[in-house]
Amino acid sequence: MIKASGSPPFAALTALAVAFPAGAAFAHPETEHFAQSAFLTAPEIVDCTLEDGSETQCHQITVGYLPEGLEIGPFCPATLEDAGGIWDWTGENAGLYRIDGAFLQMLDGLGYRFFDDDGNVFSVDNATERPTVDHACINVSVDESVEITMLLPLHPVVADTPTQLGTVGKVGVALDGVPIFSDAPEIQVTGHMPALDTCGGHVDPGGWYHWHATSTDVETVFDTEDLAATCALPQSASAQFGYAFDGFAMFGSREADGSAPEGLDQCNGHIGTLADGSTSYHYHASEDFPNLPPCLVGVQAQGNFTTTATAGVGAQRAGEDGRNEAPRPEGGGPDGGPGGMPPEFTEAAETLGITPQVLIEALGGAGREPDFAAAAATLGVSEDRLRSLVPPPPNR
């Protein structure tokens, strides 16, 4: 990640902002910056409510499951002889890897077996089936009927404190209409690997494609990680990638003149000069994976991400007990909970009145042996109750 010496704390952002004229430091998102082919209907300005309760206006944009002409994949390799997409492994021997025989055999040595005795990779389509093995590569099919509606504040507002994005947090939308989310769930949490392609994206259980990386600058990460991979998208370390859901712009890992950004805050953003000479707050990609902001400084709109899908993030069709309906086809597949968390884990968090991310952090973080005693004290529940609610970790 690009880090500048003396990086200002979040509190300094507000002080810096007042030094700029209104409309400069908080330049609003422009729908003209998007590829117009991304929209299923013309963008609208609508009344909306921010998460702090304030009434304002937002850009409402509606896109499809995948931009026209965008090539995606590969995700899971068929055998140990093939190469699929990429995966950011956070356990022993941590690093960014191509999903190939060498990587999968390394995981096997750590107790995570993703292939059979003949070298065939266990692969499942989370849109239609549940894994029947402890560790499977997830390769979801698309649903061409899905529509996604997103809200971006017309006039960004700085929050009192940043919003940490955690796992599968809503980050924003790329200029071609592809949604952007933070880290994919770890193998150590779900037991399975929702493979990313070499642009850092994959298909949600709802059937629509999204990114977990700044895909137009992902090859900077490959250079940093010494990874032999390429993304089919044009690469530019200084170009705008999209807008975060707080309305602030997101750029690659370099300034317009090719220099490294200076004075970045903890969300990897700063107030700086753009290519057109204007000055505003904006985020930068980092040089390691995932190369996205770890937090957002602004306030998001309530209900800023909905889909017509019957499962996955943003699904609106509620089934039994208020949960999303089963994935395509009816009756098949896993729960539609965000990011592919095991249903029991999501249910445990809901029972405790917290988010899955808060529960993970209380237990000591993803990929670590859960500390039930410490988590119980943090959450204010008995250790016995916590153990009864939280599912055991995946078999190794």
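Above this text you will find the structure in question.
In this report, the structure presented in the accompanying data block is examined. Remember, it's a predicted structure, so these values are computed and weren't measured experimentally.

For the rest of this paragraph, the subject is the overall build of the protein chain. Looking only at helices and strands, the protein chain has eight helices and 19 strands in total. Relative to all contacts within the protein chain whose residues are 6 or more apart in sequence, the contacts with residues 24 or more apart total 62%. Surface accessibility of the protein chain: about 16900 Å² in total, with carbon and sulfur atoms responsible for 48%.

Attention now goes to helix H2 (residues 101-109). Taken together, the buried positions of H2 are Gly101, Phe103, Leu104, Met106 and Leu107. In this structure, the buried side of H2 is in contact with strand S3 (86-89), strand S4 (95-98), helix H3 (187-190) and strand S11 (193-194). In the stretch just after H2, Gly111 is the one whose phi turns positive, near 100°.

This brings us to unusual backbone geometry. Going from Gly73 to Pro74, the amide bond is cis rather than trans, its omega being 0°. Mapped onto the secondary structure, Pro74 falls in the loop between strand S2 (55-64) and S3. Following Phe289, the chain continues into Pro290 via a peptide bond in cis, with omega recorded as -5°. Of note, Pro290 is situated in the loop between strand S17 (279-284) and strand S18 (295-298). The phi angle at Asn93 is positive, at roughly 65°, despite the residue not being glycine. On the secondary structure map, Asn93 appears in the loop between S3 and S4. A positive phi angle, close to 55°, is found at Asp226, a residue other than glycine.

In this structure, His192 sits in the loop between H3 and S11. The exposure class assigned to His192 is buried, which follows from its relative accessible area of 15%. In terms of polar contacts, His192 uses its side chain to reach the backbone carbonyl oxygen of Asp134, at 3.5 Å. The residues contacting His192, other than those within four sequence positions of it, are Phe114, Pro131, Val133, Asp134, His135, Ala136, Ile138 and Ile187.

What follows deals with helix H4 (residues 218-225). Among the residues of H4, Val218, Val221 and Phe222 are the ones counted as buried. The buried residues of H4 all sit within an arc of 100° when viewed along its axis, so they share a single face. Considering only its buried residues, H4 is in contact with S3 and S4. The first or second residue beyond H4 is Asp226, which carries a positive phi of 55°.

Rules behind the numbers
- Residues numbered from 1 in each chain as written.
- Predicted model: local features only at pLDDT ≥ 70, side-chain atom pairs only at ≥ 80, totals over all residues.
- Heavy atoms only, no water.
- Helix = DSSP H or I, 4+ residues; strand = E, 2+ residues; numbered from the N terminus.
- Contact = heavy atoms within 4.5 Å.
- Areas by Shrake-Rupley, 256 points an atom, 1.4 Å probe, with all protein chains shown as cover.
- Buried < 20%, exposed > 50% of the residue type's maximum accessible area, 1.4 Å probe, protein only.
- Polar contact = N/O pair within 3.5 Å; in protein donor to acceptor, adjacent residues only side chain to side chain.
- Arc of directions from axis to C-beta.

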